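What the coordinates show
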Amino acid sequence: MFSADLGVTPTAATYIEDVFSTYLYTGTGASQTITNGIDLSTKGGLVWAKARSVNFGHALFDTARGSSSGNSRRLISNSTVAAQTSNEDWLTFNANGFTANNDPGGGIITSNGTTYASWTFRKQAKFFDVLTYPGDGVAGRTVSHNLGSVPGCMIVKNTSSVGLWAVYHVSLGNTKYLGLNSTGAEATASSVWNNTTPTSTAFSLGTSSAVNASGNTYVAYLFAHDAGGFGATGTDNVISCGSYTGNGSATGPTITLGYEPQWVLIKQATNAGTRWTITDNMRGFPVSSSGQQILQPNTTDAD
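Residues numbered from 1 in each chain as written. Predicted model: local features only at pLDDT ≥ 70, side-chain atom pairs only at ≥ 80, totals over all residues. Heavy atoms only, no water.

1. Looking at the nonpolar core
- Of all hydrophobic cores here, the largest spans 53 residues; its most connected members are F127, Y133 and Y221.
- Of all the elements, strand β15 (residues 217-223) adds the most residues to this core, at six residues.
- Contacts of Y221, omitting those with residues within four sequence positions, involve L46, L60, D62, R65, L75, F128, D129, V130, C153, M154, I155 and W165.
- If you look at the next biggest cluster of nonpolar residues, it comprises 17 residues, including I34, A59, F98 and I109. (Core = buried A, V, L, I, M, F, W, Y, C linked by side-chain atoms within 4.5 Å. Buried < 20%, exposed > 50% of the residue type's maximum accessible area, 1.4 Å probe, protein only. Helix = DSSP H or I, 4+ residues; strand = E, 2+ residues; numbered from the N terminus. Contact = heavy atoms within 4.5 Å.)

This is the structure in structure tokens:
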């Protein structure tokens with residue numbers, strides 16, 4: 001018997017191309033529309049852009065923040081500064097991508113002739129969620145989310161004051177954190193995640209100003225881990241948060257995911273002085289040390 005005979009409407013399958021895109025473009029010096037097939041205007045999400053050919057800072061825009069007029073606010077992963085507060089719209093969220101406007105930041109996302117990488121994450125259960133919350137300075141405070149699974153990674157930024165980009169990662173546990181803007185190693189502090197593992201509906205915070213200062217505002221980016229939810233059967237994993245031990249060899253360890261990754265973010269956790277790296281399938285994953293193309297969230301460095 002068909003499901004329609006029972007009055008049940010089949011649920012449309014969701015695939016990775018519905019919720020994530022790496023899109024490379026060249027700036028024109030004017031507003032330009034990037035069509036990547038991701039519905040941001042009705043679904044919500046994050047656009048992360050970085051100049052590849054010049055040393056401009058990273059630019060992160062999300063649909064959860066903005067002024068009463070809806071203006072987009074840039075955050076900078078390589079800096080501790082708060083969100084920019086000018087009234088100009090840097091970026092417009094569209095039903096099939098975004099428009100990089102003729103921004104007030106000296107061409108950070110639209111400089112004529114500059115090449116850019118952009119990564120778009122759409123809000124979707126078992127993949128990605130973005131939310132904002134006010135800090136209250138109380139240990140054990142919880143914040144609800146709509147990820148629909150236990151987060152494997154969380155990135156939190158104070159948007160109203162200077163502060164560290166605090167990163168939770170499942171492989172480090174609930175007592176440690178990393179700084180996305182920092183080269184520092186993992187650090188231990190109960191004041192960040194309150195020594196409490198996040199759940200499928202909420203995460204806990206301590207009293208650190210990086211995540212929960214009274215009177216400050218925050219944005220949180222949540223990433224799922226091996227939660228299924230995709231493909232024709234609804235059981236495919238499209239995002240994983242793991243760890244590995246390096247071997248110091250040019251033929252390093254092989255990490256098996258069960259699928260071909262499109263975007264990889266890596267940080268050495270145990271030693272200080274090491275940068276974050278982002279590689280993606282559009283710029284080309286490295287086939288040798290000389291062929292590697294990386295961008296670094298904690299620096300302004302070009303590719």
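2. Concerning the sheet that holds strand β5 (residues 91-94)
- Strands sit in the order β2-β6-β5 across an open sheet of three strands; the sheet is antiparallel. Strands with a single pairing partner mark the edges of an open sheet, and in this sheet they are β2 (32-35) and β5. Each adjacent strand pair in this sheet contributes to an overall mean axis angle of 20°, direction not counted.
- Pairing of β5 with strand β6 (residues 97-100) involves four bridges; the strand directions are antiparallel. Within the sheet, the bridge partner assigned to N94 lies in β6 and is G97. (Pairing = 2+ DSSP bridges. Axes fitted to C-alpha atoms, helices over the stretch in contact; angles between N-to-C directions.)

3. Considering the pattern of salt bridges
- Taken as a whole, this structure holds eight salt bridges when the rule is applied.
- The closest approach of N and O atoms between E186 and K176, which form a salt bridge, is 3.1 Å. On the criterion of sequence distance, the pair formed by E186 in the loop between β12 (176-179) and β13 (187-188) and K176 in strand β12 is long-range, its members being 10 residues apart.
- R275 is the salt-bridge partner of D301, the closest N and O atoms lying 2.6 Å from each other. Here R275 lies in the loop between β16 (263-266) and β17 (277-280) and D301 lies in the segment after β17, a separation of 26 residues in the sequence. (Salt bridge = Lys/Arg side-chain N within 4 Å of Asp/Glu carboxyl O.)

4. Considering the sheet that holds β12
- With antiparallel pairing, six strands are arranged side by side in an open sheet as β8-β15-β10-β11-β12-β13. The open sheet has two edge strands with one neighbour each: β8 (128-134) and β13.

5. Re a nonpolar patch on the surface
- A surface patch of nonpolar side chains, about 270 Å² in accessible area, is lined by Y244, I255 and L257.
- Take Y244: its relative accessible area is 45%, and that puts it in the partly exposed class. (Patch = residues over 30% accessible without salt bridge, like charges linked within 9 Å, V, L, I, M, F, W, Y side chains within 5 Å. Areas by Shrake-Rupley, 256 points an atom, 1.4 Å probe, with all protein chains shown as cover.)

6. Examining the packing of aromatic side chains
- A full pass over the atoms with the stated rule returns 16 aromatic pairs.
- Relative to Y116, the ring of Y25 lies with its centre 5.0 Å away and its plane at 15°, an arrangement referred to as stacked. Here the residue Y25 occupies a position in strand β1 (residues 20-26), and Y116 occupies one in strand β7 (residues 115-122), the gap between them amounting to 91 residues.
- Taking the relative accessible area as the measure of exposure, Y25 reaches 7% and is therefore buried.
- Exposure remark for Y116: the relative accessible area of 0% places this residue in the buried category.
- Geometrically, the ring pair formed by F121 and F223 is edge-to-face, given 5.5 Å between the ring centres and 85° between the ring planes. Pair noted here: F121 is in strand β7 and F223 is in strand β15, with a separation of 102 residues, a long-range link.
- What makes F121 buried here is its relative accessible area of 3%. (Phe/Tyr/Trp six-rings, centres within 6.5 Å; stacked < 30°, edge-to-face > 60°.)

7. Details of the environment of K267
- Here K267 is to be found in the loop between β16 and β17.
- With a relative accessible area of 13%, K267 lands in the buried category.
- With 24 residues separating them in the primary sequence, K267 and S243 have C-alpha atoms 9.5 Å apart.
- Those residues in contact with K267, other than ones at most four positions away along the chain, are L178, S182, T183, G184, T274, R275 and W276.
- For K267, the side chain forms a polar contact with the main-chain oxygen of T183, separated by 3.5 Å. (Polar contact = N/O pair within 3.5 Å; in protein donor to acceptor, adjacent residues only side chain to side chain.)

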